[in-house]
Amino acid sequence: MSASSDASPAPAGHEAAVVLSADLHARHAGRPARAAGQFSSTIELGSKGKTINPATVLGVMGLGVTAGSTVTVRATGPEAHDAVATLTDVLANVE
């Protein structure tokens, strides 16, 4: 009798933090929402104990982050690294 394992490999994940140079208000919230929509990975933005799905402008605005806040970008799935790199770049260049 042989032991078999039904455990599938854990999904690829990636994480990075970025400090905002400007408030993430309505005009800026659309940028990460559009960027997140390009990926099939599960993406999360987190700050100050709150985590949201950045796929919608209202979700991004609901995070309530301001200039100087650190935002953590997390993603799991096949495009996790690219999703985190893209969102980090978008957030780092908010003006």
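Each remark here, short or long, concerns the structure printed above.
Residues numbered from 1 in each chain as written. Predicted model: local features only at pLDDT ≥ 70, side-chain atom pairs only at ≥ 80, totals over all residues. Heavy atoms only, no water.

1. Some thoughts on the side chain of S47
Inference 1: In this fold, S47 is placed in strand β2 (residues 42-47).
Inference 2: The exposure class assigned to S47 is buried, which follows from its relative accessible area of 5%.
Inference 3: Those residues within four positions of S47 in sequence are excluded, and the remaining contacts are L63, V65, S69, T70 and V71. (Helix = DSSP H or I, 4+ residues; strand = E, 2+ residues; numbered from the N terminus. Buried < 20%, exposed > 50% of the residue type's maximum accessible area, 1.4 Å probe, protein only. Contact = heavy atoms within 4.5 Å.)

2. Quick look at the environment of A83
Inference 1: By the secondary structure assignment, A83 is in helix α3 (residues 80-92).
Inference 2: In sequence terms A83 and G37 are 46 residues apart; their C-alpha atoms lie 9.6 Å from each other.
Inference 3: Here A83 is in contact with F39, I43 and A75, once residues within four sequence places are set aside.

3. Comments concerning the environment of H25
Inference 1: Structurally, the position occupied by H25 is in the loop between β1 (13-19) and α1 (26-36).
Inference 2: A relative accessible area of 36% means that H25 is categorised as partly exposed.

4. Overview of the pairing of β2
Inference 1: In this sheet, strand β4 (residues 70-76) lies alongside β2 in antiparallel orientation, the contact comprising five bridges. Each bridged residue has a counterpart across the sheet, and for I43 the counterpart in β4 is A75.
Inference 2: Direction of pairing for β2 relative to strand β3 (residues 50-52): antiparallel, over a ladder of three bridges. Of the residues in β3, the one forming a bridge with S47 is K50.
Inference 3: In textbook terms, the turn of a hairpin is the stretch between consecutive antiparallel strands, and for β2 and β3 this stretch comprises two residues, one of which, K48, has a positive phi near 55 degrees. (Pairing = 2+ DSSP bridges.)

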